Amino acid sequence: MASGDDKKIIAGVLAILLGALGIHKFYLGYTQAGIIMLVISIVAGAFTCGIGASVMGLVGLIEGIIYLTKTDAEFNATYVNGKKEWF
């Protein structure tokens, strides 16, 4: 895995582009959160005509913006060392 600024940028871009699938969660090592986002997007999205996937896409977009606006130290303290899975 990348370190420091690279990890933050990669996680942020993945969250913005593929946030509905939870790819950024898997990248950061949050397997359970990634599976939750993936299942909601696919299963709930199928039963709600895409609303579930849209909600997860919005969550991913918000998380990506949050990741990219934090400093490297804040990102590492919160999401790498602190293991904060959501927002």
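None of the values given here were measured: they were computed from a predicted structure.

Parameters and conventions
- Residues numbered from 1 in each chain as written.
- Predicted model: local features only at pLDDT ≥ 70, side-chain atom pairs only at ≥ 80, totals over all residues.
- Heavy atoms only, no water.
- Helix = DSSP H or I, 4+ residues; strand = E, 2+ residues; numbered from the N terminus.
- Rg over C-alpha atoms; globule rule 2.2 N^0.38 Å.
- Buried < 20%, exposed > 50% of the residue type's maximum accessible area, 1.4 Å probe, protein only.
- Areas by Shrake-Rupley, 256 points an atom, 1.4 Å probe, with all protein chains shown as cover.

1. Structural notes on the overall build of the protein
Reasoning step 1: When helices and strands are counted, the protein shows five helices and zero strands.
Reasoning step 2: Reading the secondary structure of the protein in the N-to-C direction produces α-α-α-α-α.
Reasoning step 3: Compactness check: the protein gives a C-alpha radius of gyration of 13 Å against a globular reference of 12 Å for 87 residues, within 12% of the reference.
Reasoning step 4: Each principal axis of the C-alpha atoms in the protein carries an extent, and together these give about 40 × 20 × 20 Å.
Reasoning step 5: Out of the 87 residues in the protein, the part that is buried amounts to 32%.
Reasoning step 6: As displayed, the protein has an accessible area near 4700 Å², and 71% of this comes from carbon and sulfur atoms.

2. Describing the environment of K70
Reasoning step 1: Summarising the element assignment, K70 is placed in the loop between α4 (51–69) and α5 (72–81).
Reasoning step 2: Along the chain, K70 and K8 lie 62 residues apart, while their C-alpha atoms are 8.6 Å from each other.

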